[in-house]
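Examining the three-dimensional arrangement
What follows is each chain in one-letter form.
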Amino acid sequence: MATDVKSEMTGTVWQIEVAEGDEVAAGDELIILESMKMEIPIEAPVSGTLIEFLVEEEDPVDEDQIVARIEE
Amino acid sequence: MYDRVLIANRGEIAVRVARTCERLGIETVAVYSDADEGAPHTKVADEAYRIGPAPVVESYLDIPSILDVAEEADVQAIHPGYGLLSENAEFVDEVEQAGFDFVGPRPEVMTLMSDKSDARAFARDAGVPVVPGTDGPVEDIEAAIEFAEEVEYPVLVKAAAGGGGIGMRKATDEESLRKAYKACRRRGESAFGDSTVYMEKYIESPRHIEVQILADHHGSVLHIFERECSVQRRHQKVIEETPSPMMQQIGGLRNEMTDAAVALAEAANYSNAGTVEFVVDEEGNFYFIEMNTRLQVEHTVTEMITGLDIVEQQLRVAHGEPFDFRQEDIKMRGHSIQCRVYAENPQKRFMPAPGNIEGYEEPTGEGIRVDSGAEAGYEVTRYYDPLVAKVISHADHRPEAIDRMVDALENYTIEGLTTNIDMHLEVLASDAFQSGAVHTSWLEEQY
């Protein structure tokens, strides 16, 4: 079953830290947003395989936007 | 008083400075780039001189060109407006060496205030509160935790060499601090080759409140109350007002803040107009951020509630005159709000939206002032700040000042250009703004 990874904040994707297909553990940093002059990490909510990213670097993201999916 | 002054700026502020000069019987000399040929700021001046092509480095920042005009036009003083060369100490030196007066503070105080860490240390030594910080490298994670516990979470971890948000992280507890500390060290090392990190207390939902200072060369340092500028996007102010709604919520805050600002200006031997900026937390704890050693974009609201003309006072101070009023003579009357009308698109993350103004009519009405450098046929180019105009309202009370602003903005015709006027109307109608509860991240959270 796939779990959606959501952004808690409005910001801009600064860097994507892992690749599609990577195994990730809950708490791992997947994406670093730049928002309000800070780095805001988006962490994996669950452990599993990162099946897809729905954003690219430099994309703007909104609060609650789904940015990636993890297959548990 | 001076007979002839050069205004080393463009747009609305060049027009605004020229208006005061005209009222005082001072002739004005404008400068313009190729992109600004025939612009309103060149027409309100008595004379206008071309200084170069559109890019600012070749025109409005080109010191030799500006000084050549000052020489040729035979002016006595140069008013820098805001932005551009207004806080450039080297410019002040060159202006004075060429034999002209600079309408602004001394270059030494500009240099001091332009360095963030010097200014912070200076403020702290002057007894002005600053955001608690480590003021030096954090040795290890134990030291980081100790600092965080001392100032209380949340804290901000910053790579010393970082900038623009890169290498800066907020931590709300020990676990997130461990991660943030590691991440910032790693980021500092990989991005800047320096893993040194600093820390400071993170101020939650801060308000931006600043104090206007006026000081002459005869030992008189006055404040002209505060302005609140918490409606911001990308760290740029969009709506400013005075008095700050927070002053009614927290008794004694105005006195504490204005005392601190005056103390700083006195310690720095400040002269002319300047602004001491603070962040204020929800409990009314305030912390110095920086001092702007120039006229502010939002000086207008202060003028509306006091009747003082700050540009006139700048010119008088530069000319060596003492103030003919004292602190207790400055009275606050009513409430004033300023909305900055930008050529930008709030729906596209406030990206600048250059364009040509086809139809243009400014609003008028009781308690309404519009400072602009635009007209029909005027082009907002990508070369300069996309500020089109500032609409300022004044009334006895805040709700009326808001109503007057809404009327004015609804009656402001700017055809052919995407502006943020609708965004202003939404902000003015919001519960958060109307109740005076907006903090500096609020606007970006809404859009």
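Refer to the preceding data block for the structure.
Everything numeric here is computed off the predicted structure, so don't read it as measured data. (Residues numbered from 1 in each chain as written. Chains lettered and ligands numbered in written order. Predicted model: local features only at pLDDT ≥ 70, side-chain atom pairs only at ≥ 80, totals over all residues. Heavy atoms only, no water.)

**Observations concerning the packing of aromatic side chains**
Residue and element names in this part refer to chain B. As enumerated under the stated definition, the model contains six aromatic pairs over all chains in all. On the numbers, 6.1 Å between centres and 85 degrees between planes, the contact of phenylalanine 91 with phenylalanine 102 is edge-to-face. Of the two residues, phenylalanine 91 is situated in helix α4 (residues 89–97) and phenylalanine 102 in strand β5 (residues 101–102); the sequence distance between them amounts to eleven residues. Through successive ring pairs, a cluster of aromatic residues spans Tyr60, Tyr383 and Tyr384. Between the NZ or CZ atom of arginine 382 and the centre of the ring of tyrosine 383, over which it lies, the distance is 4.6 Å. In this arrangement the basic side chain of arginine 398 is found over the ring face of phenylalanine 433, its NZ or CZ atom lying 4.6 Å from the centre. (Phe/Tyr/Trp six-rings, centres within 6.5 Å; stacked < 30°, edge-to-face > 60°. Helix = DSSP H or I, 4+ residues; strand = E, 2+ residues; numbered from the N terminus. Lys NZ or Arg CZ within 6 Å of the ring centre and 35° of its normal.)

**A few points about the pattern of salt bridges**
Residues and elements named next belong to chain B. Evaluated as defined, the whole model comprises 41 salt bridges over all chains. Residue glutamate 366 pairs with arginine 404 through a salt bridge whose shortest N-O separation is 3.6 Å. Taken together, the positions of glutamate 366 in the loop between β18 (359–361) and β19 (368–372) and arginine 404 in helix α13 (residues 398–410) put the pair 38 residues apart, joining distant regions of the chain. The exposure class assigned to glutamate 366 is exposed, which follows from its relative accessible area of 64%. A relative accessible area of 22% places arginine 404 in the partly exposed class. (Salt bridge = Lys/Arg side-chain N within 4 Å of Asp/Glu carboxyl O. Buried < 20%, exposed > 50% of the residue type's maximum accessible area, 1.4 Å probe, protein only.)

**A few points about the side chain of threonine 306 of chain B**
Residues and elements named next belong to chain B. Along the chain, the position of threonine 306 falls in helix α11 (residues 299–306). With relative accessibility at 19%, the residue threonine 306 sits in the buried group. Looking at threonine 306, its side chain comes within polar contact range of the main-chain oxygen of threonine 302, at 2.7 Å. Every residue in contact with threonine 306, bar those within four places of it in the chain, is listed here: Ile224, Phe225, Ile330 and Lys331. (Polar contact = N/O pair within 3.5 Å; in protein donor to acceptor, adjacent residues only side chain to side chain. Contact = heavy atoms within 4.5 Å.)

**With respect to the state of the cysteines**
A covalent bond between the sulfur atoms of two cysteines is referred to as a disulfide. Taken as a whole, this structure holds zero disulfides over all chains when the rule is applied. In this model cysteine 229 of chain B remains outside any disulfide bridge; the closest cysteine sulfur is found in cysteine 339 of chain B, 12 Å from its own. (Disulfide = S-S within 2.5 Å.)

**Quick notes on the sheet that holds strand β5 (residues 38–43) of chain A**
The strand order across the open sheet formed by four strands is β5-β4-β2-β7 (chain A), and the pairing between neighbours is antiparallel. The open sheet is flanked by β5 and β7 (60–61) of chain A, the only strands paired with a single partner. (Pairing = 2+ DSSP bridges.)

**A few points about helix α1 (residues 11–23) of chain B**
All names here are of chain B. In this model α1 runs 19 Å from its N-terminal to its C-terminal C-alpha over 13 residues, within 8% of the 18 Å that 1.5 Å per residue would give. Burial runs high along α1: ten of the 13 residues are buried. Taken together, the buried positions of α1 are occupied by Gly11, Glu12, Ile13, Ala14, Val15, Arg16, Val17, Ala18, Thr20 and Cys21. Once α1 finishes, glycine 25 follows within two positions and takes phi at roughly 75 degrees, a positive value. (Expected span 1.5 Å × (residues − 1).)

**Describing the sheet that holds strand β3 (residues 23–24) of chain A**
Residues and elements named next belong to chain A. Spatially, β1-β8-β6-β3 is the arrangement adopted by the four strands of the open sheet, whose pairing is antiparallel. A strand with exactly one partner marks an edge of an open sheet, and here the two such strands are β1 (2–6) and β3. Here strand β6 (residues 48–53) pairs with strand β8 (residues 66–71) via four bridges, running antiparallel. If you follow phenylalanine 53 over to β8, its bridge partner there is alanine 68.

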